[in-house]
Structures are given as C-alpha cells and as structure tokens.
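Tertiary structure, described
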Amino acid sequence: MALIECPECKREISDHAKTCPNCGYRQKRRTIIKTNIQKNDDSEEGIFLKNKKNILISIGIVLGIILFYMFLCPRTIPGLCIHRFRDASCERPQTCSRCGLTVGEALGHSWVAATCTEPKHCSVCGISEGEPAHRWVLATCTEPKHCSVCGLTEGTANGHHFSSATCTSPKTCTVCGATEGSALGHNYVDYVCTRCGDCNVNRSDVPNILDISTLTYDVNSVGGIDLDMRFVNRSSTKTINYIELKTVFYNAVGDRIYCDIRRTDHVWLKVTGPIKPGERTTTYSWDAVFYNYTFQGTMGFEEIIITYSDGSQITIEGENVCSQAVVFWR
C-alpha cells in the first residue's frame, strides 16, 4: 500500500481508499493508476506508457522522413521525386511542381488576329500583342477613307479632278477616269480644227487649198533636174508662211529612182511666203534638185505640208497628190 495526495484537500491518504477520510473526496480509478505509475515507473502500467511514447516518437520520425522525401528531397535529388505534373501551357511545357522536371514542349500561343477594336491575342491564355488596328482603304474620288473590316470612315471623299473636255473626249477625271458630259467635237475652219489643230483633208480637197498653177522641169547637161513652179493660195482667210513638198521621180517604166548623189528616192522642196489669200507667187526655181540619167519626165508629190501664219498646219498625203494640185495637168 502506498500513500498518495488527495486532489481535494492535499493530505496523504491510502492509494486503496475510495474516499478521502479527511474531506470525503471520492477517488477516481484513473487518477489512482496514473499516480501510482508516476510513483512507481517500474510497474506494468509505467512500462506500457513508456513503450507507447517510444512508438509515437518512432511514428513521428517515420512521418518526418516521408515528408522530407516528398517535399525537401526532390529539390536536391530529382530522381527520388514523386512527381506532381502541372499541365503544359502556351509558354511552359508539362512541369513537376516539386522538382521542376519538364516533359515535352510548350503548347504555343493560338493567336487570333487583331481586329479594329482588339489587339492580336491568344485564345488560350489571353495574352495580347500590339494594338487594335483598322484596315484603312485610302479615300477615292467618291468615297472617304474607310476601314475595310468595320466600315468606319474618316474625312470625306477627295472629289473628282476633271480635265477639260476636248474635241474627242468628254470632261474626264485625271484620277479615276470618270467622265462627265460629252466630247466637244471638232470645229474645222479651212480644214483645220480651231481647238486641237486636227487636219481634216483628203486629196480631193487639194485644189481648194493650194493650186500649183505652173510646173516645168528640164534635165541639164550633167543629169540634174531643174524645176520651176508657181503657186496660188486658195484659202480665203489664211496667209501661207511655208509650203513643203516631198517630191519623187520615176523612170520610163514607172519605177521610183534614186538620186545618184544623195542616194535618196525623194527630195524636199520648200517655198517661203508670205502668200496671202488668193495670191499667186512668182516663179520658184530649183536647179539640179535630183540627179539620175534614167529620169523620163515623170514626177510626183507624196506629201504636201502647208504652214499658215496663225500656226495651223495642213498635211496632205497620198501617192502622186500632184495630180490633184497641178491645174496644168488636170
């Protein structure tokens, strides 16, 4: 039997007493056992408690080792890690959250093109690049600057830049080619348009423009052809400054011949004025204008150019137009 302290009055009592003889406190069996164990560690109860404590300590050590391997060891010894992989993202491959081990590659961004109101952005992670941007179409004559995507406009249309109408073309925009109205049409005076200078003349009109009233020729002793001509200005309003004639020569069978000196098949003759309306010139003479012994007295004009004092010009073209110009041969 051993003495213990009463928890109530603090006096010593028997450890087998159910109640304290001093204060009447009823003893609890657990307290008694605990107290006895504390007084006598060599009892079975004391040994049990000691073993239990050792077991708990061992369990704690094991748990500590497990936690060490799970959370601390992977950072220093990756091969021992129990991996916990995070899913791959646009910029990062599949990655262990403990040891940092990666597997595969990043997924890469899935870009959505920029719009008028939103910049270029990834449809997966939402990251953006650049700025929103309209797709502008430059202003035209009829439409202002506008976005081809959303239709937003800025400013106003440029408007047409019309060039003046001509004899053959209506008023025309120099930028887009749009037309307005109609062409003016030619205004011919004495076969020449007063607006654009176009010449409207054919061989049948020659006698009404120029009359070569006299044409004589002779072959001199050295084979050169001498010519004499007189002209009448048939215009009723214009003074002639110059008359230029492209003259050709033929042999006996009607073939064109070449000048033995110049090696050309024609010669240009020029008459200077002024020759007033209706006026007849004095004789114009050209000596040895062409050299060829096969010449048989046939000649012609392939082109006649008349330049008037007002700057207008008439060009008459065609095979042997002299047949229309020379009164003597009509």
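Residues numbered from 1 in each chain as written. Predicted model: local features only at pLDDT ≥ 70, side-chain atom pairs only at ≥ 80, totals over all residues. Heavy atoms only, no water.

With that settled, the discussion passes to the overall build of the chain. Summing up its helical and strand segments, the chain has 3 helices and 23 strands in all. In the chain, the proportion of contacts linking residues at least 24 apart, taken out of those at least 6 apart, comes to 41%. (Helix = DSSP H or I, 4+ residues; strand = E, 2+ residues; numbered from the N terminus. Contact = heavy atoms within 4.5 Å.)

Turning to the sheet that holds strand β10 (residues 145-147), a few remarks are in order. As summarised here, the arrangement of the 3 strands in space is β9-β10-β11, forming an open sheet in which the pairing is antiparallel. Where the open sheet ends on each side, the last strands, each with one partner, are β9 (136-137) and β11 (153-154). As paired strands, β10 and β11 are joined by 2 bridges and run antiparallel to one another. Along β11, the bridge assignment pairs His 146 with Thr 153. (Pairing = 2+ DSSP bridges.)

Bridging between strand β19 (residues 240-250) and strand β20 (residues 267-275) involves 7 bridges; their strand directions are antiparallel. From the neighbouring strand, Glu 244 faces β20, where its bridge partner is Lys 270. By the bridge criterion, 10 bridges tie β19 to strand β22 (residues 298-308) in an arrangement that is antiparallel. Looking at the pairing, Phe 249 lines up with Met 299 of β22.

Remark on secondary structure: sheet strands pair via backbone hydrogen bonds, oriented parallel or antiparallel. Taken together, the 3 strands give an open sheet; going across it, the order is β12-β13-β14, and neighbouring strands pair in antiparallel fashion. The open sheet is flanked by β12 (162-163) and β14 (179-180), the only strands paired with a single partner. Inspection of the sheet shows β12 paired to strand β13 (residues 171-173) by 2 bridges, in the antiparallel sense. Directly across from Phe 162, in β13, lies its bridge partner Cys 173.

Taken across its 9 residues, strand β18 (residues 225-233) has 7 buried, putting it largely inside the fold. The pairing of strand β17 (residues 210-219) with β18 spans 9 bridges and is antiparallel. The residue bridging Thr 214 from the neighbouring strand is Arg 230, located in β18. What sits between β17 and β18 in their antiparallel hairpin is a turn of 5 residues, with Gly 223 showing a positive phi close to 90°. In terms of strand pairing, β18 meets strand β21 (residues 284-286) through 3 bridges, oriented antiparallel. (Buried < 20%, exposed > 50% of the residue type's maximum accessible area, 1.4 Å probe, protein only.)

Glancing now at the nonpolar core. Ranked by size, the top nonpolar core spans 32 residues in total, and within it Leu 210, Leu 227, Met 229, Phe 231, Ile 243, Leu 245 and Phe 249 carry the most contacts. Looking at this core, the elements that each hand over two or more residues are β17, β18, β19, β20, β22 and β23 (313-317). Considering each element in turn, this core owes the most residues, 5 residues, to β22. (Core = buried A, V, L, I, M, F, W, Y, C linked by side-chain atoms within 4.5 Å.)

This part is about unusual backbone geometry. Looking along the chain, the bond that leaves Gly 273 and enters Pro 274 is cis, with omega of 5°. A positive phi angle, near 50°, is found at Ala 288, a position not held by glycine. You can see Ala 288 is positioned in the loop between β21 and β22.

Let's shift gears to the confidence of the model for the chain. On average, the chain scores 80 in pLDDT, and the residues at 70 or more come to 84%. pLDDT under 50 marks residues 324-330. Its contacts with residues more than four places away, or in other chains, come to 21 contacts. (pLDDT = per-residue confidence, 0-100.)

A few words now on the side chain of Ser 312. With respect to the helices and strands, Ser 312 occurs in the loop between β22 and β23. Reaching out from Ser 312, the side chain makes a polar contact with the side chain of Asp 310 at a distance of 2.6 Å. Not counting residues within four places of it along the chain, the set of residues in contact with Ser 312 comprises Val 192, Lys 238, Ile 306 and Thr 307. (Polar contact = N/O pair within 3.5 Å; in protein donor to acceptor, adjacent residues only side chain to side chain.)

Attention now goes to the packing of aromatic side chains. Across all of its chains, the model carries 5 aromatic pairs by this definition. Judged by centre distance (5.8 Å) and plane angle (70°), the rings of Tyr 217 and Phe 295 are edge-to-face. With Tyr 217 in strand β17 and Phe 295 in the loop between β21 and β22, this residue pair connects regions lying 78 residues apart in the sequence. Residue Tyr 217 is classed as partly exposed on the basis of its relative accessible area of 31%. Residue Phe 295 is classed as buried on the basis of its relative accessible area of 7%. Three or more aromatic residues joined by ring pairs make a cluster, and in this case those are Tyr 217, Phe 249, Phe 290 and Phe 295. Directly above the aromatic system of Trp 111 lies the positively charged group of Lys 120, at a separation of 4.7 Å from the ring centroid. (Phe/Tyr/Trp six-rings, centres within 6.5 Å; stacked < 30°, edge-to-face > 60°. Lys NZ or Arg CZ within 6 Å of the ring centre and 35° of its normal.)

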